[in-house]
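So the chains spell out like this:
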Amino acid sequence: MATDTGTSGGWRGMNGAQRRLVLLLGAGFLVILGVIMIANATSMVSDFAAAGVPVTTAHIWLWEISSIIAWLSEVPVIWWMVMRLRRATLPWWGVALIVAGASVPASLWHIGLMVAIRMSIYAAQGEHYQFMAGIRNPLLYEYRKDAGTFLQFAAIALVAQWLIARAATPPADPPRLLAVNDGAVTHHVPVDEIERVSAAGNYVEIGWGPRTLLHRATLSAVEAELGAAFARVHRSHLVRRDAIRRIETDRSGDFTVQMSSGNEIRGSRRYRDGVEARYKGDEA
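What counts and what doesn't
Counting restarts for each chain, with residues numbered from 1 along the sequence as it is written. For a predicted model such as this one, the threshold for reporting local features is a pLDDT of at least 70, and the threshold for listing and counting side-chain atom pairs is 80 or more; totals across whole chains, interfaces and linings nevertheless cover every residue. Note: side-chain values were computed over all heavy atoms of the structure, leaving out hydrogens and water. Any two strands with at least two DSSP bridges between them are considered paired. A run of H or I in DSSP becomes a helix once it reaches four residues, and a run of E becomes a strand once it reaches two; helices and strands are each numbered from the N terminus. The axes used here are C-alpha line fits, helices contributing only the stretch in contact, and every angle between their N-to-C directions lies in the interval 0 to 180 degrees. We define the nonpolar core as a collection of buried residues of types Ala, Val, Leu, Ile, Met, Phe, Trp, Tyr and Cys that are connected through side-chain atoms lying within 4.5 Å of one another. Partly exposed residues are those whose accessible area sits between 20% and 50% of the maximum for their type, while under 20% is buried and over 50% is exposed, using a 1.4 Å probe and protein chains only. What makes two residues a contact is simply this: any of their non-hydrogen atoms within 4.5 Å. Reported orientations rely on four angle classes, namely roughly parallel under 35 degrees, roughly antiparallel over 145, roughly perpendicular from 65 to 115, and oblique for the rest. The hand of a helix crossing depends on one turn: near helix anticlockwise from the far one by less than a right angle means left-handed, and clockwise means right-handed. All amino acids are sorted into three groups, where Ala, Val, Leu, Ile, Met, Phe, Trp, Tyr, Cys and Pro are nonpolar, Asp, Glu, Lys and Arg are charged, and the leftover types, Gly among them, are polar. In this analysis, the protein atoms alone were mapped onto a 1 Å grid. Cavities are point sets where a 1.4 Å probe fits without being able to get out; pockets are open sets with protein on both sides within 12 Å along at least five of seven lines; lining residues have an atom within 4 Å of a point. Grid points are joined across faces, edges and corners, and a volume is the space filled by probe spheres set on the points.

1. A few points about the sheet that holds strand S9 (residues 255-259)
Now for step 1: Taken in spatial order, the three strands line up as S8-S9-S10 in an open sheet, and their pairing is antiparallel. Of all the strands in the sheet, just strand S8 (244-249) and strand S10 (264-267) have a single pairing partner and so form its edges. Neighbour to neighbour, the strand axes of the sheet diverge by 25 degrees on average, direction disregarded.
Now for step 2: Pairing of S8 with S9, which is carried by five bridges, proceeds in the antiparallel orientation. Each residue of the ladder has a partner; that of Glu248, found in S9, is Thr256.

Given below as structure tokens:
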């Protein structure tokens, strides 16, 4: 069932979570088939015995096992069909028609392969196998059962592919937070929501949306904690790089940084080259 999962490279293109999920789904699928096969075989043994039909237990198990083998041979094709239909841009009725049409050759293949298996094993034992003896239209009778099984297999493939594709999406990294002690209150401020940081004596001012928080720390310490996402524009000011919208340089070499909020922060020519290079790099 690992032919293609919506990721490039098939099995090799999966991450560890996807591979574990494929193995778990495959094992669960086989366990369910085994339980169904045992339940059907034991029920048939009891029913035939109660009806007085002279059928051996070995023959009943052969019927069930050959049917399961025939269906398992179709799993790759059903998987491929569901994968293509998931990617196709078709209306629901178009998908329904394709699935309904595909159920016919699927049933014919199932019947043909399981009958061939049964006939060969019967022949090896010196016996003759007759498909659906006593039933007026055996193909139609078998198709009615096969259509339901085919739809179940297609539904299982659809759910399995959705789960595997979902496992390909890595969980989002938690936002970086800056613990800001503002008086008796500690705020955990998302770093990507801080617009500026300015020195204010023994404190720094944290520009967080419309609010300004006072934090007891040095500007250099906060700069080291925030990292490369922030640029120093003045010995007293840091700004978040991706919040910069425009830089205007004066004749003196000093400059003004306009932020996405509309706030303007004065910068010193000492820091202009580094800020402009980073800003242009972000724009590219």
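Don't stop here, the text continues.
2. Regarding the nonpolar core
Now for step 1: The biggest cluster of nonpolar side chains holds 22 residues, and the ones touching the most others in it are Ile78, Met81, Val82, Phe150 and Phe153.
Now for step 2: Put simply, the parts of the chain that give this core at least two residues each are helix H1 (16-51), helix H2 (57-72), helix H3 (75-87), helix H4 (92-124) and helix H5 (138-167).
Now for step 3: If sequence neighbours within four positions are ignored, Met81 has contacts with Val99, Ala102, Phe150 and Ala154.
Now for step 4: Judged by nonpolar contacts, the second largest core, of 16 residues, contains Leu178, Ile194, Leu213 and Leu219.

3. A closer look at the sheet that holds strand S6 (residues 230-234)
Now for step 1: If you walk across this open sheet you meet the five strands as S5-S4-S3-S7-S6, and the pairing is antiparallel. Unpaired on one side and paired on the other, strand S5 (211-215) and S6 mark the two borders of the sheet. In this sheet, adjacent strand axes meet at a mean angle of 20 degrees when their direction is disregarded.
Now for step 2: The pairing of strand S3 (residues 194-200) with strand S7 (residues 237-240) spans three bridges and is antiparallel.

4. Digging into the packing of H1 against H2
Now for step 1: In the contact formed by H1 and H2, the axes pass within 9 Å of each other and the chain directions differ by 150 degrees. The angle between H1 and H2 places the two elements in the roughly antiparallel class. Taken as a pair, H1 and H2 cross one another with a handedness that is right-handed. Between H1 and H2, the contacting residues are Phe29, Leu30, Leu33, Met37, Ile38, Asn40, Ala41, Met44, Val45 and Phe48 on the first element and Thr57, Ile60, Trp61, Trp63, Glu64, Ile65, Ile68 and Leu72 on the second.
Now for step 2: For the contact of H1 with H2, the per-class residue count stands at 15 nonpolar, two polar and one charged.

5. Examining the layout of surface pockets
Now for step 1: Roughly 970 Å³ of volume is contained in the largest pocket.
Now for step 2: Forming the walls of the largest pocket are 33 residues, and the residues nearest its centre are Met44, Glu64, Arg118, Glu142 and Lys145.
Now for step 3: When residues of the lining of the largest pocket are traced back to their parent elements, those giving at least two are H1, H2, H4 and H5.
Now for step 4: Among the residues forming the lining of the largest pocket, the class breakdown is 21 nonpolar, seven polar and five charged.

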